[in-house]
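The chain contents come next:
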Amino acid sequence: MNDAAQPLTDDETALSPWWIRTIVFVMVFGMAILIVITMLGYRKAPPVPAKVVDTQGQMLFTGDDIQAGQAVFLKYGLMNNGSIWGHGAYLGPDYSAEALHLIGVDTADTLARQQHGKPVAELDAGQQAAVNAQTAVDLKTNRYDPAADTLTLTPAEAEAWQQQIAHWTDYFKHPARNGGLKPDLISDPAELRQFTAFVNWAAWASVANRPGYDYSYTNNFPYDPLVGNTPIPGAFLWSALSLLVLLAGIAAVLLMFGKFDYLGWISRGHRLQPAIVPGQASPGQRALVKFFVVVALLFLFQTLVGGATAHYRADPGSFYGFQLENIFPSNLMRTWHLQSAVMWIATAYVAAALFLGRSLRSDEPRGMAIWAHLLFAAFVAVIAGSLLGEWAGMSNLLGDWWFWLGNQGWEYLELGRAWQYLLVIGLLVWFAVLYWVARPSKVANPAVRPIGRMFLLAALAIPVFYIPALFYGAHTNLTVVETWRFWIIHLWVEGFFEFFATTVVALTFYQIGVTGRNTALRVIYLNAILYFLGGLIGTGHHWYFIGHTQFNMSLSALFSALEVVPLTLLTLDAWDFVRTTKGEVDIDGTPRRVPHKWTFYFLMAVGFWNFVGAGMFGFLINLPIVSYYEVGTQLTPNHGHAALMGVFGMLAIALMVFVLRQTASDERWPGIEKYVKVAFWGTNVGLAMMIVMSLFPSGLLQILDVLEHGYWHARSMEYMSTPRSHLIEWLRLPGDLVFIIFGSIPLTIAAIKAWLGVRADVV
């Protein structure tokens, strides 16, 4: 008599091919639309006229002056002082908004003197209203002649242009009034004239009506009623419709969770049977621990320069009585703050990926440790060289080589072009080593190979989708640059890094025995579908006001709303994460508490900050009508800190803690763990204090000022100098101190102790 056939377990069955087919469809559709929007950005970008003249045909400045002024803006790191069209730093003004408002004020005053023989301030209410209306009409009229490639300014605008040079000359003289720049940062009259030409062109594009439309090239951004810049109707319409898309997306996914009970992270009822055991790392894996010493040191460095950058907002004139801007000006501090953040997070991901890749094999390929040493040297060289180059470039020590060896000047992508090429080469070599180590044919357990393939595909996307950072130069049209820049900032970081992070976490969970194979694959597939469905086209929510048309605004608003959907699902697995940290595993027949408690805690922090920082705060500022008033205010770094540090930073630390635990013996781990515990609470409490006590209330008050006085005013040093603003900026200090003292410092100690322990074990 034959025994009855035993039913297959979930992990023994193959998943539906429609998972992969859906991912492919979503990616092809999303990338096709994104490429179309990018191509339209080239065609619809505000023109850079060859000549700018007055009504008499007298030359005021040229297109070459505008492009040279953009290079001046970049060379001196001014995108890490102020912003253009809302994109950049928040220490100084939005240059385009301030220039536009000054042009409006000067134009109105010229008209008032012509029509009434006295300045605007001395007119009665009716006369002021008439003059202001005429000012808006004059500035909104587009006098660019594409056939002659010439822009003609009215007499009032031409006079305003001349006054702008003196204004910006004075701006760069005084650190206390420009957010902590080096005194007399730009003193060359030619460079000052070129810079003024650039910001005046940006102001013109902000107000002059796009041909055939009744709003400007930047969709009437920034908000400034004096010059006629008010929200376009589409900003209201697409904001309202995006709310419907959000609700529909959440409903659809919750329906899927209701129908299927296996879409979460944790395999319910699954017996924990880890494939890897702490303290049994291979030589190649132990060679990777030193990467995390660099990660921790960079993290500490980032927090210190971040605290200095925040201090410049509270007291730009001095650093506790010391003139810090003479040595380390605010634009350099912010550049280092952003670049070191990208570097330490990316380094953690690179090292953790190699560590996990090695864990898939039963043997170690000969030479893995040597490749780890070589990659380590390459990463240290690029990191140190690029940071020093940014200092030398901003200090004007590199001459014409500033763009290649110094700082390109573009926010988040400041490192010189030569360092960028080396970074791309390094990432490609890293992937080649990763594939050599973890290629499917060498994976010991055939069941894990499908996860391994997704892991390798996600890893390949990291070097491939960083390549658009090389598609522009210092003189490329600003709209085109901003388009490609956010291919990196959003598509690379928030898209493919997010996908890579999902596969890394899934692989980690599988290897430590928390998640079954098919459960892990479903999470990877579902997150890929949801992230790419909203995230690819949603990249364009950064492009609402940089020279793109309403076609971008409509699609980006609708699809970026879907980016929130996968983040809301994190709450469904929250308690499973807590419960898993208290579970037991069977190692060599002995029941033991899950050895990766703090890895799970940091992953829980990732989930929390993903929902709060990327979900709540991100969605708030992604709506076109909110973004119109908000972009470039403190609500942007409020979202940025909660999302970049809270999500990608906490994940990098989680992977770091995972590797430290795997390479530490049971005897050594308690001495390391006590610092990890302090770091967990220090980073999370400190980050929460920064947001609750300073960033979020500061952003709300700044938007209120935008509504009351215009965008230019809320971004001005006049607003920043008010007692209320100073108080809120000083309230940032407690959170910074907690984050540094109880977060980054203990984590650095933990990394160094783990590395020294590994070296001692080898000896």
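Quick note: structure is the one above.
Computed from a prediction, not measured in an experiment: that's the story for all the values here.

## Comments concerning the packing of aromatic side chains
Here comes step 1: Following the criterion strictly, the structure yields 55 aromatic pairs and no others.
Here comes step 2: Ring centres 5.4 Å apart and planes at 75 degrees place the aromatic pair F291 and F376 in the edge-to-face group. Placement of the pair is F291 in helix 9 (residues 289-314) and F376 in helix 11 (residues 368-394), with a sequence separation of 85 residues.
Here comes step 3: Owing to a relative accessible area of 1%, F291 belongs among the buried residues under this scheme.
Here comes step 4: Three or more aromatic residues joined by ring pairs form one cluster here, namely F73, W85, Y95, W168, Y171, F172, F195, F198 and W201.
Here comes step 5: Stacked on the ring of W18, the Lys or Arg R21 has its end atom at 4.7 Å from the ring centre.
Here comes step 6: The ring of F376 has K290 sitting right over it, with the charged end atom 5.5 Å from the ring centre.

## Observations regarding helix 5 (residues 155-171)
Here comes step 1: Between its terminal C-alpha atoms helix 5 stretches 25 Å, which fits the 24 Å expected from 17 residues at 1.5 Å a residue.
Here comes step 2: Of the residues making up helix 5, those classed as buried are A156, E157, A158, A160, W161, Q164, W168 and Y171.

## Quick word on the environment of L507
Here comes step 1: Considering the arrangement of structural elements, one finds L507 in helix 15 (residues 478-511).
Here comes step 2: A relative accessible area of 0% means that L507 is categorised as buried.
Here comes step 3: On a C-alpha basis, the gap between L507 and S359 in space is 10.0 Å, while along the polypeptide they are 148 residues apart.
Here comes step 4: Apart from residues no more than four positions distant in its own chain, L507 is found in contact with L356, L360, V448, I451 and F455.

## Quick word on the sheet that holds strand 5 (residues 144-145)
Here comes step 1: An order of 2-1-6-5 is seen for the four strands of this open sheet, with the pairing classed as mixed. With partners counted over all chains shown, the strands left at the sheet margins are strand 2 (59-62) and strand 5, one partner each.
Here comes step 2: Alignment of strand 5 against strand 6 (residues 150-152), held across two bridges, turns out to be antiparallel. What sits directly across from Y144, in strand 6, is L151.
Here comes step 3: Along the sheet face, helix 2 (residues 63-75) touches strand 1 (51-53) and strand 2 and points at about 50 degrees away from the line of strand 2.

## What about the side chain of S96?
Here comes step 1: The residue S96 is located in helix 3 (residues 95-116) in this model.
Here comes step 2: Engagement of the side chain of S96 in a polar contact is seen with the backbone nitrogen of W85, the distance being 3.0 Å.
Here comes step 3: A polar contact of 2.5 Å, which involves the side chain of S96, links it to the side chain of D94.
Here comes step 4: Beyond its immediate stretch of four places on either side in the chain, S96 contacts S83, I84, W85, V199, A202, A203 and S206.

## A few points about the packing of helix 10 (residues 330-359) against helix 22 (residues 635-663)
Here comes step 1: Close contact between helix 10 and helix 22 brings their axes to 9 Å; oriented N to C, the two are set at 40 degrees. The angle between helix 10 and helix 22 places the two elements in the oblique class. Read as a crossing pair, helix 10 and helix 22 show a hand that is left-handed.

## Some points on the pattern of salt bridges
Here comes step 1: Counted according to the given criterion, the structure contains 14 salt bridges.
Here comes step 2: The residue R313 makes a salt bridge to E729 at a minimum N-O spacing of 3.2 Å. Of this pair, R313 sits in helix 9 while E729 sits in helix 26 (residues 723-730); the two residues are 416 residues apart in sequence, bridging distant segments of the chain.
Here comes step 3: What makes R313 buried here is its relative accessible area of 10%.
Here comes step 4: In this structure E729 comes out as buried when scored by relative accessible area, which is 4%.
Here comes step 5: Across the salt bridge formed by E482 and R485, the nearest N and O atoms sit 2.6 Å from each other. Of this pair, E482 and R485 both sit in helix 15, three residues apart, which is roughly one turn of that helix.
Here comes step 6: Given a relative accessible area of 2%, E482 falls into the buried group.
Here comes step 7: One connected set of salt bridges, linked through shared partners, spans R334, E411, E482 and R485.

Cut-offs used in this document
Residues numbered from 1 in each chain as written. Predicted model: local features only at pLDDT ≥ 70, side-chain atom pairs only at ≥ 80, totals over all residues. Heavy atoms only, no water. Phe/Tyr/Trp six-rings, centres within 6.5 Å; stacked < 30°, edge-to-face > 60°. Helix = DSSP H or I, 4+ residues; strand = E, 2+ residues; numbered from the N terminus. Buried < 20%, exposed > 50% of the residue type's maximum accessible area, 1.4 Å probe, protein only. Lys NZ or Arg CZ within 6 Å of the ring centre and 35° of its normal. Expected span 1.5 Å × (residues − 1). Contact = heavy atoms within 4.5 Å. Pairing = 2+ DSSP bridges. Axes fitted to C-alpha atoms, helices over the stretch in contact; angles between N-to-C directions. Polar contact = N/O pair within 3.5 Å; in protein donor to acceptor, adjacent residues only side chain to side chain. Parallel < 35°, antiparallel > 145°, perpendicular 65-115°, else oblique. Left-handed = near helix turned anticlockwise from the far one by under 90°. Salt bridge = Lys/Arg side-chain N within 4 Å of Asp/Glu carboxyl O.

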